[in-house]
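These are the residues of each chain, in order.
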Amino acid sequence: MRHFGYSEKNIHWLHKIAMSTKILVLVNGGPCGFFKVGRGLRQGDTLYPILFVIAEEVLSRNITKMVQEVTIRSMVNRNGCKPSHLLFADDIFVFCNGHKKSLEQLMRFLLKYQQASWKMVNKSKSKCFVGGVIESRRREIAGFLQIELSDFPDKYLGVIFKPGKVKNNKVWGIVEMLQKLLARWMGKILAFSERLTLVKSVLCSIPIYNMSVYRWPSEVIKECERTWVINDFEEATRWIVDDGQTISVWKDKWVKTQALCDIHPQDEFILQHKDMKMSELITNCEWKIPVEMNAYFNENELPCIENGADRRIWETSLTWEFSVANAVQDIRKKSPK
């Protein structure tokens, strides 16, 4: 704390607070004793986060210094960038070369840090990842560190770690877990509002947390949307045709109760003109429908063309505007009681 600029008076106060703490325990329902705390602070003490951050800062700066002084060899060097460690809460990821001297220097420093801070490295909960060497060398390194040897893929706080580009099979397990949770909740005798709360608090937070770490493939995101209620929202909306610049002829719902590509999934004409926009069917605010498209809808089914920009409406609302109440009501109709 002196190196961080704290005055002797503040250091003395913090030391007295930490060392003068006493606790009692309940024995047969009654308080017993007062016991002096030998190390650490009581649970929930407001001083703990401050002291913890100071101790972690010392750890972080020393590891960085050792890498800069080549006391520890860096694992990789990309354009002058030498990642050495990452800190997350009370966990630390250390990246270094597997050379014997580097490992010895690292373990020697961690021992000094434990003695100075009274914080202990829990090797039984630690993991060692070694790559780029033969299996016997991997086991030799893990034995020297006295840490369990692990392999990828691995999971940390619900996030799957695996080298290389994120592919479908890497995150598909999360999608299957979401589907199982949703099926389990639907089978329970829960009110609709309770099921909706579970979906919002659990199903939405799990993928968002993972997506903040790495980008998911588009196929997996679409499957997640099908798992939730996105399709229910899509079914409750419709496009009002004006200039037709933003509306897809086949993929958007504007003339039938479904998108035309859903009604005719393998139609050859649709596949050949899959990017057609509504503006290609409108001339001077009048419909100009090719003869080949008469098989998809009748002339009397065509909506009136308004003068303005295309807009999407909420069909089940009297005002054509979206509201949470209408959305909940639509989902309630399709959800089992």
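Residues numbered from 1 in each chain as written. Predicted model: local features only at pLDDT ≥ 70, side-chain atom pairs only at ≥ 80, totals over all residues. Heavy atoms only, no water.

Enquirer: How should I be thinking about the overall build of the chain in this particular structure?
Expert: For the chain, the helix and strand inventory stands at twelve helices and twelve strands. Going through the 337 residues of the chain one by one, you find that 31% of them count as buried. Considering only residue pairs separated by 6 or more positions, the chain has 53% of its internal contacts joining residues 24 or more positions apart. Within the structure as shown, the chain displays about 23,200 Å² of accessible surface, and the carbon and sulfur contribution to it stands at 56%. (Helix = DSSP H or I, 4+ residues; strand = E, 2+ residues; numbered from the N terminus. Buried < 20%, exposed > 50% of the residue type's maximum accessible area, 1.4 Å probe, protein only. Contact = heavy atoms within 4.5 Å. Areas by Shrake-Rupley, 256 points an atom, 1.4 Å probe, with all protein chains shown as cover.)

Enquirer: Help me understand the state of the cysteines in this model?
Expert: Structurally, a disulfide amounts to a covalent bond that connects the sulfur atoms of two cysteines. Taken as a whole, this structure holds zero disulfides when the rule is applied. We note that Cys 96 lacks a disulfide partner, and the nearest cysteine sulfur, in Cys 128, lies 8.8 Å from it. (Disulfide = S-S within 2.5 Å.)

Enquirer: Would you mind showing me how to read the pattern of salt bridges here?
Expert: Oppositely charged side chains are able to pair whenever their charged atoms sit close together. For the structure shown, the criterion picks out seven salt bridges. Notably, a salt bridge pairs Arg 138 with Glu 135, separated by 2.8 Å at the nearest N-O pair. Here Glu 135 and Arg 138 lie together in helix α4 (residues 135–145), a separation of three residues that amounts to about one turn. Using a relative accessible area of 37% as the deciding quantity, one classes Glu 135 as partly exposed. One connected set of salt bridges, linked through shared partners, spans Glu 135, Arg 138, Arg 139 and Asp 151. (Salt bridge = Lys/Arg side-chain N within 4 Å of Asp/Glu carboxyl O.)

Enquirer: Explanation requested: helix α3 (residues 100–117) in the structure shown.
Expert: Every α-helical turn comprises 3.6 residues, leaving residues that sit three or four positions apart pointing alike. Helix length check: α3, at 18 residues, gives a terminal C-alpha distance of 26 Å against a target of 26 Å (1.5 Å per residue), a fit within 8%. Every buried residue belonging to α3 is among Ser 102, Leu 103, Leu 106, Phe 109, Leu 110, Tyr 113 and Gln 114, and all of these are buried. Taken end-on, α3 shows its buried residues confined to a sector of 140°, consistent with a single buried face. α3 presents Lys 100, Lys 101, Lys 112, Gln 115 and Ala 116 as exposed residues on the side facing more than 90 degrees away from its buried surface. (Expected span 1.5 Å × (residues − 1). Arc of directions from axis to C-beta.)

Enquirer: Teacher, can you tell me more about the packing of aromatic side chains here?
Expert: The description of two aromatic rings rests on the distance between their centres and on the angle between their planes. For the coordinates displayed, the defined rule picks out nine aromatic pairs. With centroids separated by 6.3 Å and ring planes inclined at 80°, the aromatic side chains of Phe 88 and Tyr 156 adopt a geometry described as edge-to-face. Highlighted residues: Phe 88 in strand β3 (residues 85–88) and Tyr 156 in strand β7 (residues 154–156), separated in sequence by 68 residues. Residue Phe 88 is classed as partly exposed on the basis of its relative accessible area of 45%. Three or more aromatic residues link up through ring pairs in this structure, and these residues are Phe 88, Phe 93 and Tyr 156. (Phe/Tyr/Trp six-rings, centres within 6.5 Å; stacked < 30°, edge-to-face > 60°.)

Enquirer: I'm lost on the environment of Asp 310 in this one. Help?
Expert: Among the secondary structure elements, Asp 310 is positioned in the loop between β11 (286–287) and β12 (311–314). Along the primary structure Asp 310 and Asp 242 are separated by 68 residues, whereas in three dimensions their C-alpha atoms are 4.9 Å apart. Contact partners of Asp 310, with chain neighbours within four places excluded, come to Trp 239, Ile 240, Val 241, Asp 242, Asp 243, Gly 244, Gln 245, Thr 246 and Ile 247. A distance of 3.2 Å separates the side chain of Asp 310 from the backbone nitrogen of Asp 243, its partner in a polar contact. Within the local environment of Asp 310, its side chain forms a polar contact with the side chain of Thr 246, the two groups lying 3.1 Å apart. (Polar contact = N/O pair within 3.5 Å; in protein donor to acceptor, adjacent residues only side chain to side chain.)

Enquirer: Any chance you could explain the packing of α3 against α4 here in plain terms?
Expert: Two measures define how a pair of helices packs: the angle their axes make with one another and the distance between the axes. For the pair α3 and α4, interaxial distance at closest approach is 11 Å and the crossing angle is 20°. Put simply, α3 runs roughly parallel to α4. Classified by chirality, the crossing of α4 by α3 is right-handed. Across the interface between the two elements, Lys 100, Leu 103, Glu 104 and Met 107 of α3 pack against Arg 137, Ile 141, Phe 144 and Leu 145 of α4. When the residues that make up the contact of α3 with α4 are grouped by side-chain class, the tally is five nonpolar, no polar and three charged. (Axes fitted to C-alpha atoms, helices over the stretch in contact; angles between N-to-C directions. Parallel < 35°, antiparallel > 145°, perpendicular 65-115°, else oblique. Left-handed = near helix turned anticlockwise from the far one by under 90°. Nonpolar A, V, L, I, M, F, W, Y, C, P; charged D, E, K, R; others polar.)

Enquirer: Sorry, what's going on with the nonpolar core here?
Expert: In globular proteins that are soluble, nonpolar side chains generally tend to be buried together. Core analysis: the biggest nonpolar cluster contains 20 residues, and Val 249, Trp 250, Trp 254, Met 278, Trp 287, Met 293 and Phe 297 have the highest contact counts within it. Ignoring anything within four residues of it in the chain, the contact list for Trp 287 reads Val 241, Trp 254, Met 278, Leu 281, Ile 282, Leu 302, Pro 303 and Ile 305. (Core = buried A, V, L, I, M, F, W, Y, C linked by side-chain atoms within 4.5 Å.)

Enquirer: What am I meant to see in a positive patch on the surface here?
Expert: Together, Lys 222, Lys 251, Lys 274 and Lys 277 line one region of the surface with positive charge. Mapped onto the secondary structure, Lys 277 falls in the loop between α11 (268–272) and β10 (282–283). With relative accessibility at 32%, the residue Lys 277 sits in the partly exposed group. (Patch = residues over 30% accessible without salt bridge, like charges linked within 9 Å, V, L, I, M, F, W, Y side chains within 5 Å. Lys, Arg positive; Asp, Glu negative; His and termini not counted. Charge placed at Lys NZ, Arg CZ, Asp CG, Glu CD.)

Enquirer: Looking at this model, I keep getting lost on the side chain of Ser 126. Mind explaining?
Expert: With respect to the helices and strands, the residue Ser 126 is situated in the loop between α3 and β5 (127–129). Of note is the side chain of Ser 126, whose polar atom sits 2.8 Å from the backbone oxygen of Asn 122. With residues near it in sequence (within four places) discarded, Ser 126 still touches Val 121, Ile 147 and Glu 148.

Enquirer: Just checking my understanding: could you explain the pairing of β3 for this structure?
Expert: Within a regular strand, the side chains alternate between the two sheet faces. As judged from the four bridges shared by β3 and strand β4 (residues 91–94), these two strands associate in the antiparallel manner. For His 85, the partnering residue across the bridge sits in β4 and is Val 94. Linking β3 to β4, which pair antiparallel, is a turn of two residues; within it Ala 89 sits at a positive phi near 55°. (Pairing = 2+ DSSP bridges.)

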